[in-house]
Amino acid sequence: MQNISPKKAMNRNEIEKAPSPKVIAAIRRFDLAKAPRYFDGYYGSSLALELSRRFNMPRDQVSVGYGIEFFLRSIFDSCNPKRDVVLANTPHYTFYSFYAQAKGVRLETFRLADKGDRFEFDVEDCIKKIRAVAPKIVLITSPNNPTGNSITAKNFERILRAAPRTSLVVLDEAYVGFDDEYKEAAFLKLLKKYENMVILRSFSKRYALAGLRIGFALWGTRAKSIIRYDDLYLGGSQLLEDVAVAALNSEAYYRKLAREIITDREQLAAAVNKLKNFTAYESHANFVLVKIEPPLAKNFSIKSPIAKIVMPGFMRVSLGSHKHIAGFIAELKNAELKLKKINGRHD
Ligand SMILES: Cc1ncc(COP(=O)(O)O)c(C=O)c1O
């Protein structure tokens, strides 16, 4: 598959591949006669219609927006800083803290347990915190950024059961689509059962369209009203909707792309785990969290453009081109060699 020429930061979990030929054709084919005109309000949305059909959801429970960020902003904006609390897992996507702080909204967290080769959602801790702070919003990211682990539908339902009916329980699925074990039907079933749940999805990662800013929300029956969410009055971008529908109609292309990413992920993890001072954590996303074991962790820095230190002792590696993956592994090997030399001097 064609690689898009990589530029600057490659450590933000974007896909270094071209979108599907159907997507490219949709952009080229866009009917410019549509440009001067608004959509016919929300109900003119071709993407919402397509999504409601694919997910078997009533159309008023499907919203289209400019990426998941668009919905996250609406969710935080609905909070009263004097009163409302958002509860999210930690570690989490940095935007959650960034935006909560910008809006003066209190962000409480519950733990992910470090199992040495993977992180796990600590559901007990989440339930304990729900009881303690009665959050207006419970925000779960699965697969989680930066840890790469995901939550099972069973555990997610435990959280839904514990949350007050007046809270919105959000599942941020920005990284869905790189996990063969993911049980979509089980989560959609929960959406039918729990009226205060919402699933957020993005075209940024799996569909390699981060720059075009397209995402959507699938709402439980009462979820929109909890945050007084109102669909776009004038509709979204007609060009983006055509692009998104073309992406949805390119499943064979994107399944192949996801397969390549999963293969790269497993190969990268295997190469890292051969080293003594690094551990690749289990990931269901298009990146891998790598633990830097002591004594290398202290003062460790990384030059590889696909890696980024995301918390003490851990770096997140976005799955870039094979050349970049090879370069990353070579850099780790070098760091080990250097350490060996230093230790040798001290022997
Ligand atoms: C967990 C998570 N949610 C949401 C987003 C943003 O998604 P979008 O590009 O659809 O706004 C990101 C981007 O990296 C992310 O890591």
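All residue numbers refer to position in the chain's written sequence, counted from 1. Residue-level local features of this predicted model are given only where pLDDT is at least 70; pairs of side-chain atoms are given and counted only at 80 or more, and the full residue set underlies all totals for whole chains, interfaces and linings.

## Comments concerning the overall build of the protein
Turning to step 1, where the next piece is worked out: Helix and strand content of the protein: eleven helices and twelve strands.
Turning to step 2, where the next piece is worked out: Here the radius of gyration uses the C-alpha set of atoms, whereas the globule reference equals 2.2 Å times the residue count to the power 0.38. Taking 2.2 N^0.38 as the reference for a compact globule, 347 residues should give roughly 20 Å; the C-alpha atoms of the protein span a radius of gyration of 21 Å, in line with that estimate.
Turning to step 3, where the next piece is worked out: Every one of the 347 residues in the protein was classed for burial, and the buried ones make up 43%. The secondary structure listing takes helices from DSSP runs of H or I that are at least 4 residues long and strands from runs of E that are at least 2 residues long, numbered from the N terminus. Here the C-beta atoms are placed from the backbone, and a residue counts as buried if at least 20 other C-beta atoms lie within 10 Å of its own, exposed if 12 or fewer do, and partly exposed otherwise.

## Side note on the packing of helix 6 (residues 153-162) against helix 7 (residues 184-193)
Turning to step 1, where the next piece is worked out: To define axes, lines are fitted to C-alpha atoms, for helices over the stretch in contact only, and angles between the resulting N-to-C directions are given on a 0 to 180 degree scale. Two numbers describe how helix 6 lies on helix 7: the axes approach to 10 Å, and their chain directions differ by 20°. By the angle class used here, helix 6 and helix 7 are roughly parallel. At the point where helix 6 passes helix 7, the crossing takes the right-handed sense. Along its contact with helix 6, which presents A153, F156, E157 and L160, the element helix 7 presents A186, F187 and L190.
Turning to step 2, where the next piece is worked out: Charged residues are taken to be Asp, Glu, Lys and Arg, nonpolar residues to be Ala, Val, Leu, Ile, Met, Phe, Trp, Tyr, Cys and Pro, and polar residues to be all remaining types, Gly included. Its residues assigned to classes, the contact of helix 6 with helix 7 shows six nonpolar, no polar and one charged. What sets the label is the angle itself: under 35 degrees gives roughly parallel, over 145 gives roughly antiparallel, 65 to 115 gives roughly perpendicular, and the rest give oblique. Crossings are classed by handedness, with left-handed meaning an anticlockwise turn of the near helix from the far one by less than a right angle and right-handed meaning a clockwise turn. In this description, a residue-residue contact is defined by the distance between C-beta atoms placed from the backbone, which must lie within 7 Å.

## Quick notes on the site of the ligand
Turning to step 1, where the next piece is worked out: Throughout this description, a residue near a molecule or strand is one whose C-beta atom, derived from the backbone, lies within 6 Å of it. Taken together, 13 residues sit near the ligand, with G67, E69, A174, S202 and S204 positioned nearest.
Turning to step 2, where the next piece is worked out: Counting residues per element, the shell around the ligand draws most heavily on helix 3 (residues 67-77), which supplies three residues.

## Quick word on the domain arrangement of the protein
Turning to step 1, where the next piece is worked out: Note that the domain bounds reflect an automated or database-derived domain assignment. Looking at the assigned domains, one finds that the protein contains domain 1 (21-249) and domain 2 (252-339).
Turning to step 2, where the next piece is worked out: Each of domain 1 and domain 2 has a C-alpha centre, and these two points are 27 Å apart.
Turning to step 3, where the next piece is worked out: Every contact between the two is made by 17 residues of domain 1 and, on the other side, 17 residues of domain 2.

## Describing the sheet that holds strand 12 (residues 314-318)
Turning to step 1, where the next piece is worked out: A strand pair is defined by DSSP finding two or more bridges across the two strands. Strand order across the open sheet formed by four strands is 9-10-12-11, with antiparallel pairing between neighbours. A strand with exactly one partner marks an edge of an open sheet, and here the two such strands are strand 9 (278-280) and strand 11 (307-311). With direction set aside, neighbouring strand axes in the sheet form an average angle of 30°.
Turning to step 2, where the next piece is worked out: The pairing of strand 9 with strand 10 (residues 287-292) spans three bridges and is antiparallel. The partner of F278 across the bridge, within strand 10, is I292.
Turning to step 3, where the next piece is worked out: Across the sheet, helix 10 (residues 251-273) lies against strand 9, strand 10 and strand 12, angled at about 155° from strand 9, the strand it touches most.

## Observations regarding the packing of helix 1 (residues 21-29) against helix 9 (residues 238-248)
Turning to step 1, where the next piece is worked out: Close contact between helix 1 and helix 9 brings their axes to 8 Å; oriented N to C, the two are set at 155°. In terms of orientation, helix 1 lies roughly antiparallel with respect to helix 9. Between helix 1 and helix 9 lies a crossing of right-handed hand. Touching K22, V23, A26 and I27 of helix 1 are D242, V243, A246 and A247, all from helix 9.
Turning to step 2, where the next piece is worked out: When its residues are assigned to classes, the contact of helix 1 with helix 9 shows six nonpolar, no polar and two charged.

## With respect to the pairing of strand 5 (residues 137-141)
Turning to step 1, where the next piece is worked out: Of all five residues in strand 5, five are buried, a share of seventy percent or more.
Turning to step 2, where the next piece is worked out: The side-chain alternation of strand 5 yields two buried faces, one formed by I137, L139 and T141 and the other by V138 and I140.
Turning to step 3, where the next piece is worked out: Pairing geometry for strand 2 (residues 85-90) and strand 5, over three bridges, is parallel. Directly across from L87, in strand 5, lies its bridge partner V138.
Turning to step 4, where the next piece is worked out: Bridging between strand 5 and strand 6 (residues 168-172) involves five bridges; their strand directions are parallel. Opposite T141, over in strand 6, you have D172 as the bridge partner.
Turning to step 5, where the next piece is worked out: The parallel pair strand 5 and strand 6, bridged by helix 6, forms a crossover whose chirality is right-handed. When the strands point away from the viewer and the connection leading from the first strand across the helix to the second strand turns clockwise, the crossover is called right-handed.

## Overview of the nonpolar core
Turning to step 1, where the next piece is worked out: Residues V86, V138, V170, V198, V243 and V290 are the most contacted members of the largest nonpolar core, which totals 99 residues.
Turning to step 2, where the next piece is worked out: Counting residues per element, this core draws most heavily on helix 10, at seven residues.
Turning to step 3, where the next piece is worked out: Built from parts of two domains, this core gets at least three residues from each of domain 1 (21-249) and domain 2 (252-339).
Turning to step 4, where the next piece is worked out: If near-sequence neighbours (up to four positions away) are discounted, V198 is found in contact with L168, V170, A217, L218, W219, G220 and A223. Note on terminology: a nonpolar core is any set of buried Ala, Val, Leu, Ile, Met, Phe, Trp, Tyr and Cys residues joined through C-beta atoms within 7 Å.

## Section: the sheet that holds strand 2
Turning to step 1, where the next piece is worked out: The eight strands lie next to each other as 1-8-7-6-5-2-3-4, forming an open sheet whose pairing is mixed. Each edge of the open sheet carries a strand with a single partner, namely strand 1 (62-65) and strand 4 (119-121). Going from strand to strand, the sheet's axes swing by 25° on average, the running direction of each strand aside.
Turning to step 2, where the next piece is worked out: Lying on the sheet, helix 2 (residues 46-54) is in contact with strand 1 and strand 8 (215-219); it crosses strand 1 at an angle near 135°.
Turning to step 3, where the next piece is worked out: Sitting on the sheet, helix 5 (residues 123-133) is in contact with strand 2, strand 3 (106-114), strand 4 and strand 5, with an inclination near 160° to strand 3.

## Some words on the environment of I151
Turning to step 1, where the next piece is worked out: Mapped onto the secondary structure, I151 falls in the loop between strand 5 and helix 6.
Turning to step 2, where the next piece is worked out: Separated by ten residues in sequence, I151 and T141 place their C-alpha atoms 8.3 Å apart.
Turning to step 3, where the next piece is worked out: Leaving out residues up to four positions away in the same chain, I151 has contacts with F121, I140, S142 and F156.

## A look at unusual backbone geometry
Generally, phi is negative for residues other than glycine and the peptide bonds are trans, each holding for most cases.
Turning to step 1, where the next piece is worked out: A cis amide bond, omega -10°, links S142 with the succeeding residue P143.
Turning to step 2, where the next piece is worked out: Of the consecutive residues N145 and P146, the connecting peptide bond is found in the cis state with omega at 20°.
Turning to step 3, where the next piece is worked out: By secondary structure assignment, the location of P146 is in the loop between strand 5 and helix 6.
Turning to step 4, where the next piece is worked out: A positive phi angle, near 40°, is found at A134, a position not held by glycine.
Turning to step 5, where the next piece is worked out: The topology assignment puts A134 in the loop between helix 5 and strand 5.
Turning to step 6, where the next piece is worked out: One non-glycine residue, N299, adopts positive backbone phi at about 60°.
Turning to step 7, where the next piece is worked out: For N299, the position within the fold is in the loop between strand 10 and strand 11.
Turning to step 8, where the next piece is worked out: In this structure N299 comes out as exposed when scored by C-beta crowding, with 6 C-beta atoms within 10 Å.

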